[in-house]
Amino acid sequence: METLITLESFVRSAQSSSFSAAARRLGLTPAAVSQNVARLEARLGVRLFQRSTRGLTLTEPGERFLRDVSGGLDTLQTAIANVSLAAEQPAGVLKVSMAPAFGSGYLVPLLQDFLARYPGIVPDWHLDNRPVDLINEGFDAAIGGGFDLPSGLAARELARAHVIAVASPSYVARITPPRDPSELQRHEGILLRSPLTGRIRSWPLRNRSGEQVAVEMRPRMILNDPEAVCHCALMGLGIAFVATMNALPHLRSGTLVRLLPDWYADIGPISLYYAGHRQLPAKTRVFVDYVVREFKRQDLPGMFDAGGADAGRVRKGTGARR
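Residues numbered from 1 in each chain as written. Predicted model: local features only at pLDDT ≥ 70, side-chain atom pairs only at ≥ 80, totals over all residues. Heavy atoms only, no water.

*Asks:* Whenever I open this one, the overall build of the protein confuses me. Can you help?
*Replies:* Scanning the protein from N- to C-terminus turns up 13 helices and 13 strands. Across the 322 residues in the protein, those meeting the buried criterion constitute 44%. Look at the contacts in the protein between residues 6 or more apart in sequence, and 74% of them connect residues 24 or more apart. As displayed, the protein offers around 16,300 Å² of accessible surface, 51% of which is attributable to carbon and sulfur atoms. (Helix = DSSP H or I, 4+ residues; strand = E, 2+ residues; numbered from the N terminus. Buried < 20%, exposed > 50% of the residue type's maximum accessible area, 1.4 Å probe, protein only. Contact = heavy atoms within 4.5 Å. Areas by Shrake-Rupley, 256 points an atom, 1.4 Å probe, with all protein chains shown as cover.)

Listed below in structure tokens is the structure:
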């Protein structure tokens, strides 16, 4: 009978087409993973991979073996993760990725209550602005938008991501505020360059009547970080398009003002991503359920909605109900 680590070495190498990527996930050296796979091939009497300088390719027997063993391996790993539970208390390191402003503003404040409920869980939260590969990088979950959803992953939508035009009161005092999106081209824009594509982001605005318009602004500066864009707006350097979830604290305090209050851009869902197999580790399952429940309890989807019933409060910067 093969050891669990030998089977894991094969499955993770097949998923990533790389001994090195599998080693990072398993906490082993690439040489150890390669030796485990070679030992498995010798035991089975078949070659599971074709090896080349470009990576690993499954042979036909390797593809059949991967289909047969993957489900059983997930079941074993879940059983091992859950065996440490005492009185249904989930335990273990919970590795989650999220954007810095979103994590600091809406997830970190939940930690005290979450840890009181689940003291056996150790959060390992990575706050950065990049989509991660849950499988190859060993994440239990990720929160954000624009993720690819490969086979084996599931997603729970938490809210819609809306982007609105904002500026500081000092900047607004120096200009005639735009009354229509077409007037934005006369103003100094704090523009965002996508760190993934290198292109300057454009925001097709729409209103509650369903009208849509493209937006152009004269670039005063171009930055590749959403938080830096927001900070420059706070400094009175121009008009910026900022996600409502990041703008809300500044709208409440009055350090930012919403412009064109009837217009916004919908850039898709904010979702919680995790492995989609039915026997999800208890630590991940309770985290997913807790975050979904808290978003509903605090009505964060309503707070983030720039075009809904709460938009008036967002518009005036007076906050929104919790």
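*Asks:* Quick question: what am I supposed to make of unusual backbone geometry here?
*Replies:* Of all residues except glycine, most have a negative phi; of all peptide bonds, most are trans. Backbone geometry at S17 places phi at a positive 55°, although glycine is not the residue there. As for its placement among the helices and strands, S17 is situated in the loop between α1 (4-16) and α2 (19-26). Of note, L260 is a non-glycine position whose phi angle comes to about 45°, a positive value. The residue L260 is located in the loop between β12 (257-259) and β13 (263-275) in this model.

*Asks:* Hey, could you run me through the pattern of salt bridges in this one?
*Replies:* Going through the model one piece at a time under the given rule, you end up with 14 salt bridges. D128 is paired through a salt bridge with R130; the nearest N and O atoms lie 3.9 Å apart. A relative accessible area of 25% places D128 in the partly exposed class. The partner of D266 in a salt bridge is R206, and the shortest N-O contact between them spans 3.4 Å. With D266 in strand β13 and R206 in strand β8 (residues 205-207), this residue pair connects regions lying 60 residues apart in the sequence. Residue classification places D266 among the partly exposed residues on the basis of a relative accessible area of 25%. R206 gets classed as partly exposed once you look at its relative accessible area, which sits at 30%. Ionic contacts of the salt-bridge type, sharing partners, join the residues E157, R160, R206 and D266 into one network. (Salt bridge = Lys/Arg side-chain N within 4 Å of Asp/Glu carboxyl O.)

*Asks:* Any chance you could explain the nonpolar core here in plain terms?
*Replies:* If you look at soluble globular proteins, the nonpolar side chains tend to sit buried side by side. Counting residues in hydrophobic clusters, the biggest one holds 34 residues, and the most contacted among them are L205, I239 and F241. Only β6 (153-167), α8 (169-174), β7 (188-192), α9 (226-234), β11 (239-243), α10 (244-253) and β13 provide two or more residues apiece to this core. Ranked by residue count, the leading element in this core is β6, at 5 residues. Ignoring sequence-local partners within four residues, the contact set of L205 consists of P181, E211, Q212, V213, V215, F241, L260, W263, Y264 and A265. By size, the runner-up hydrophobic cluster in this structure holds 33 residues, among which are F114, Y118, M245 and F295. (Core = buried A, V, L, I, M, F, W, Y, C linked by side-chain atoms within 4.5 Å.)

*Asks:* Quick question: what am I supposed to make of the packing of α2 against helix α3 (residues 30-44) here?
*Replies:* Packed helices, taken two at a time, are described by the angle their axes make and the gap between the axes. Two elements in contact, α2 and α3, have axes separated by 8 Å at closest approach and are oriented at 105°. When the axes of α2 and α3 are compared, the pair comes out roughly perpendicular. Taken together, the residues of α3 that come into contact with α2 (itself represented by F19, S20, A22, A23 and L26) are P30, V33, S34 and V37. Residue composition of the contact of α2 with α3, grouped by class: 7 nonpolar, 2 polar and no charged. (Axes fitted to C-alpha atoms, helices over the stretch in contact; angles between N-to-C directions. Parallel < 35°, antiparallel > 145°, perpendicular 65-115°, else oblique. Nonpolar A, V, L, I, M, F, W, Y, C, P; charged D, E, K, R; others polar.)

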